[in-house]
Each structure stands twice: as structure tokens, then as C-alpha cells.
Amino acid sequence: YREAAGKDFPKIHIDDPDADGKAVYLTFDDGPGVYTEQLLDTLDRYGVKVTFFVTGSFPACEDMIKKEDAAGHSIGIHTLTHDFAKIYSSDKAFWKDIDKMQAIVQKQTGHTTNLMRFAGGSSNSISANYTTGIMTLLTKQAEQKGFQYFDWNISSGDGGSEGDMNMVITNIISGLPNQDACVVLCHDTKEYTVKAMEYLIPWLLDHGY
Ligand code: ZN
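Treat the numbers as computed from the prediction; the structure is a model and nothing was measured.

Right, let's talk about the coordination of the zinc ion for a bit. Here the zinc ion is held by the protein donor atoms Asp30 (OD), His78 (NE2) and His82 (NE2), which lie 2.1 to 2.2 Å from it. Positions of the donor residues of the zinc ion along the chain correspond to the pattern D-x47-H-x3-H. With Asp30 in the loop between strand 1 (24-29) and helix 2 (36-46) and His82 in the loop between strand 3 (74-77) and helix 4 (84-87), the pair connects residues that are 52 residues apart, well separated along the chain. For His82, a relative accessible area of 23% gives the class partly exposed.

Bringing the environment of Glu143 into the picture now. With respect to the helices, strands and loops of the structure, Glu143 is situated in helix 6 (residues 134-144). Overall, the relative accessible area of 52% leaves Glu143 in the exposed class. Sequence separation of Glu143 and Asn114 is 29 residues, and the distance between their C-alpha atoms is 9.8 Å.

In this section: the pattern of salt bridges. In this structure the tally under the stated criterion is five salt bridges. Between Asp16 and Lys22 there is a salt bridge, with its nearest N and O atoms 3.0 Å apart. The partner of Glu198 in a salt bridge is Lys195, and the shortest N-O contact between them spans 3.5 Å. With Glu198 and Lys195 both in helix 8 (residues 191-206) and three residues apart, the pair spans about one turn of that helix. Under the relative-accessibility criterion, Glu198 is labelled buried at 16%.

The rules behind the values
- Residues numbered from 1 in each chain as written.
- Predicted model: local features only at pLDDT ≥ 70, side-chain atom pairs only at ≥ 80, totals over all residues.
- Heavy atoms only, no water.
- Donors = N, O, S within 2.8 Å, 3.2 Å for Na, K, Ca; no water.
- Helix = DSSP H or I, 4+ residues; strand = E, 2+ residues; numbered from the N terminus.
- Buried < 20%, exposed > 50% of the residue type's maximum accessible area, 1.4 Å probe, protein only.
- Salt bridge = Lys/Arg side-chain N within 4 Å of Asp/Glu carboxyl O.

Written as C-alpha cells, this is what we have:
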């Protein structure tokens, strides 16, 4: 990978005595988008299954949800609009958004999902700008509705406006020794993140993860 990736593969050494057999759960938010198909090809090449927390941000790419599901990946709902002001304005507005995304998932895959990731995570502080205490209410309601929601304990750092492949690989690899089970936050809407997986996944497999 280091040779194949050239200078973009970080010179990083980690010591993780628990690497052998440790699970790394790769999760991809905010898509499907224009780079999702490329990611699916990479995942197929290594026989790796991931979780997609999908949105309706790129309607032209909606049918990728069907391909993700058919390839054996897990589909969870992220949100339809990812519009914090809108979804966190009230619990009613939030579930209206989620229900619409669920309808798209059902249309594409033929079934609903009970997996979910809150936009911004379940303990985000941004939502309080719109409604105080809304995450406490929504997390409770999610459980009542039978949803299982997931946050993450390793961030690839690709959520912002700047970043590159080296950053994604460095952030993920350096987070591994600190967790028993690694839930990694990535975005398949970023080209450099999708590219990073071509090198990170074989690295993980070769290191016993
Ligand atoms: Zn998101």
C-alpha cells in the first residue's frame, strides 16, 4: 500500500497488541454520492462489508442504495435533508424527515431498516441552537420506535471542508489502539476518503484487523 499510494500513505507506526481479530466497523455517512460506486468496487475487491448511513442529498445517486444493499452492506438512515435547522426544529419535523428517508430505503431495497445515525451524532450540541434538549427526546423516541442508533469512536476527520487521503489514513490508524471495537466515521461523499480505502483496507487486513 505504501508503495502503491506513494507519498500519500503516511509514515505511521502503531503498536496495537490487540490487533489480531479486532473488529473495525467502517461507516460511511452523507451519501450515496458520485464516489459511492468507486467505493463499492473497492469493498468488493477485498470482500469487506461496511455500513452506509444514507441521505437524500444526491437524488441522482439514489439507486446506489440498492447496489449497497445487494452487495451485502448494511443500510442505516442518516437523514433525508441533513438540514440541522430543519430536522432539529422539533421532534415532529425530525421524524417526518426520517420517515421520508425510510421510504426511499424501502423503495430501493425492498425493506426498511432499523439502523440509524443522527446527523451530528446522538450527543451533538448544534441541535440545541434550534431546540433545547431535543437529542434527549429524540434518542428516547428512536429506541421506542425500534431504531438502533450508532455514533463512532474514531473519526477519519473528513467531515470538514479540507482534508486529504493521508489525513484519513493517519486519523483512522492512530485511533485503532485506543478502542476495543472500532467504529470509524467516514463520508463517501469525499473523493479522497474513497481513495484512501483502496490502501487502508488492505493495510487493516494485513495487520490482523
Ligand atoms: Zn452527516
